[in-house]
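Coordinate inspection notes
Chain by chain, the residues run as shown.
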Amino acid sequence: MTIMSNNIESKVVVITGASSGLGEATARHLSSLGATVVLGARRADRINSLAGELAGKGGKALARATDVTDPQQVQALVDAAVQEYGRIDVMINNAGLMPHSPLERLKIDDWNRTIDVNIKGVLHGIAAALPYMKQQKAGHIVNVSSVAGHKVGHGSAVYAATKHAVLALSEGLRQEVKPYNIRTTVISPGAVATELPDSATEPGVAENLRRFYDRYAIPADSFARAVAFALSQPDDVDVNEILFRPTRQEV
Ligand SMILES: NC(=O)c1ccc[n+]([C@@H]2O[C@H](COP(=O)([O-])OP(=O)(O)OC[C@H]3O[C@@H](n4cnc5c(N)ncnc54)[C@H](OP(=O)(O)O)[C@@H]3O)[C@@H](O)[C@H]2O)c1
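Along each chain, the written sequence defines residue order, and numbers are assigned to residues from 1. Only residues with pLDDT of at least 70 are given local features in this predicted model, and only at 80 or more are side-chain atom pairs given and counted; all residues enter the totals for whole chains, interfaces and linings. Think of the side-chain values as coming from all heavy atoms in the structure, minus any hydrogens and water.

**Looking at the packing of aromatic side chains**
Pairing of aromatic side chains requires ring centres within 6.5 Å, counting the rings of Phe and Tyr and the six-membered ring of Trp. Pairs whose planes differ by under 30 degrees are stacked, by over 60 edge-to-face, and all others tilted. Taken as a whole and judged by the stated rule, the model has two aromatic pairs. Arranged with centres 6.1 Å apart and planes meeting at 70°, the rings of Phe212 and Tyr213 form a pair that is edge-to-face. Relative accessible area serves as the criterion here: at 25%, Phe212 is assigned to the partly exposed category. Exposure categories follow from relative accessible area, calculated using a 1.4 Å probe and restricted to protein chains: below 20% of the type maximum is buried, above 50% is exposed, and the middle band is partly exposed.

**Here's the deal with the pattern of salt bridges**
When a carboxyl oxygen of Asp or Glu lies within 4 Å of a side-chain nitrogen of Lys or Arg, that pair is called a salt bridge. Per the counting criterion, the structure on display carries 15 salt bridges. A salt bridge links Arg105 to Glu202; the nearest nitrogen and oxygen atoms lie 3.0 Å apart. Taken together, the residues span a long stretch of sequence, with Arg105 in the loop between strand S4 (90-93) and helix H4 (108-136) and Glu202 in the loop between strand S6 (182-189) and helix H6 (205-216) at a distance of 97 residues. Arg174 is the salt-bridge partner of Glu171, the closest N and O atoms lying 2.9 Å from each other. Taken together, the positions of Glu171 and Arg174, both in helix H5 (residues 157-176) and three residues apart, correspond to about one turn of that helix. In this structure Glu171 comes out as partly exposed when scored by relative accessible area, which is 31%. Connected through salt bridges with shared partners, the residues Glu24, Arg28, Glu53 and Lys57 form a single ionic network. Secondary structure elements follow DSSP: runs of H or I of four or more residues count as helices, runs of E of two or more count as strands, with numbering from the N terminus.

**Quick word on unusual backbone geometry**
In this model, Asn7 sits at a positive phi of 60°, which is unusual for a non-glycine residue. Tracing the chain through its elements places Asn7 in the segment before strand S1 (12-16). Note on Asn7: relative accessible area 16%, which makes it buried. One non-glycine residue, Leu106, adopts positive backbone phi at about 55°. Mapping Leu106 onto the fold places it in the loop between S4 and H4.

**Looking at the site of the ligand**
Around the ligand, the surrounding shell holds 29 residues, and the nearest of these are Ser19, Arg42, Tyr159, Thr194 and Tyr213. Two N or O atoms count as a polar contact when they lie within 3.5 Å, although within protein this holds only if one can serve as hydrogen donor and the other as acceptor, and sequence-adjacent residues are included solely when both atoms are side-chain atoms. Within the contact set of the ligand, an oxygen atom lies 2.7 Å away from a side-chain nitrogen or oxygen of Arg42. In this structure, Glu195 approaches the ligand through a main-chain N or O atom, which is 3.1 Å from an oxygen atom. Every element with two or more residues in the shell around the ligand is listed here: helix H1 (21-32) and H5. Proximity is defined per residue: if any heavy atom of the residue lies within 4 Å of a molecule or strand, that residue is considered near it.

**Focus: the environment of His29**
For His29, the location among the structural elements is in helix H1. Along the primary structure His29 and Val192 are separated by 163 residues, whereas in three dimensions their C-alpha atoms are 16 Å apart.

**Thoughts on helix H2 (residues 44-56)**
Counting along an α-helix, one turn takes 3.6 residues, and residues three or four places apart therefore face a common direction. The span one expects for a helix is its residue count, reduced by one, times 1.5 Å. Taking 1.5 Å per residue as the helical rise, H2 with its 13 residues ought to reach 18 Å, and the 18 Å between its terminal C-alpha atoms agrees with that figure. What H2 keeps buried is the set Ile47, Leu50, Ala51 and Leu54. Seen along its axis, H2 keeps its buried residues to an arc of 100°; they face one direction. Turned more than 90 degrees off the buried face of H2, the exposed positions are Asp45 and Gly56. Any pair of residues with heavy atoms lying within 4.5 Å of one another is described as a contacting pair. Where H2 is buried, its residues touch H1, strand S2 (36-41) and strand S3 (60-65). Where H2 terminates, the next one or two residues include Gly58, which has phi positive at roughly 95°. As used here, the arc is the angular range of directions from the helix axis to the C-beta atoms.

**Considering the nonpolar core**
What makes a nonpolar core is a set of buried Ala, Val, Leu, Ile, Met, Phe, Trp, Tyr and Cys residues whose side-chain atoms join them at distances within 4.5 Å. With 36 residues, the main nonpolar core has Leu30, Leu39, Ile92, Ile187 and Phe244 as its most contacted residues. The element best represented in this core is helix H7 (residues 221-232), accounting for seven residues. With residues up to four places along the chain from it excluded, the contact list for Ile92 reads Val13, Val14, Ile15, Thr16, Thr26, Leu30, Val142 and Val227. Core analysis: the second largest hydrophobic core is formed by 28 residues, Val74, Val78, Val117 and Met133 among them.

**Some words on the pairing of S4**
The two faces of S4 match: Val90 and Ile92 on one face and Met91 and Asn93 on the other face are all buried. Of the strand pairs in this sheet, S1 and S4 are connected by three bridges, and their pairing is parallel. If you follow Val14 over to S4, its bridge partner there is Met91. Here S4 runs beside strand S5 (residues 139-144); their pairing, made up of four bridges, is parallel. Bridge pairing links Val90 to His140 in S5. Once the chain exits S4 it traverses H4 before rejoining the sheet at S5, and the crossover so formed is right-handed. Two strands qualify as a pair provided that DSSP identifies no fewer than 2 bridges between them. A crossover gets the label right-handed when its path from the first strand over the helix to the second runs clockwise, viewed with the strands pointing away from the viewer.

Function cannot be read off these values alone, since they describe shape.
This is the structure in structure tokens:
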């Protein structure tokens, strides 16, 4: 009897933003499918306890406190994965925030933070993982965009700009890594129930966002299953883009 591989089992998967929401759900799902997961986020207590929980269920998991705005910390996360497990098969650049506000409120600190995490954080992940993957002549880089990478809504200009940038970076990356047998996937979710709306603090904006999420958001394993779908394809199949929404989300 031939047992089909899920092409996820034993893969070493680094996930940024693994302390909550989509990253946490993905760590749990991939671990349940046999992947080794290496978790990065700033809240060390959360990722340590998640790694402990997954190890308690028989999985392999490692946690490293990581701020993705610092390229050295992202490099240390990826280096830790390679030192501990010998390789990196998948880099999931997931960390992000969404402090929506109309531009006229001039929240320049929020703009900079959003750009630093959502764009530069993704670039730091690529920079850390790419040299290893080139050397391995194998690997898979998954970036997280959004429906906001395809549509700009009122009050979401900066967030949408960062998510458009993630789409552009992912397409450029896709073209450039062909010689190294590296796969690339950019995933654009609609409203998924996570802590993301909490990153909006502007009066009026936060309440509207919370109402929208309460009405439309679907569970975070929807995203985890999309990641697993892309990873589990045979090595000669490169799922480059996935866009999904809650069935009832119109925007
Ligand atoms: N939920 C949705 O509806 C939705 C839709 C489209 C796209 N997305 C995207 O999905 C990704 C994950 O968001 P989520 O929905 O899961 O929200 P979340 O629950 O708020 O999770 C965000 C994650 O990013 C991490 N993070 C934030 N700043 C960081 C930094 N400087 N360094 C390292 N990690 C940092 C957070 O960890 P720490 O605070 O512990 O560092 C947390 O683990 C984001 O890129 C978001 O834009 C989400």
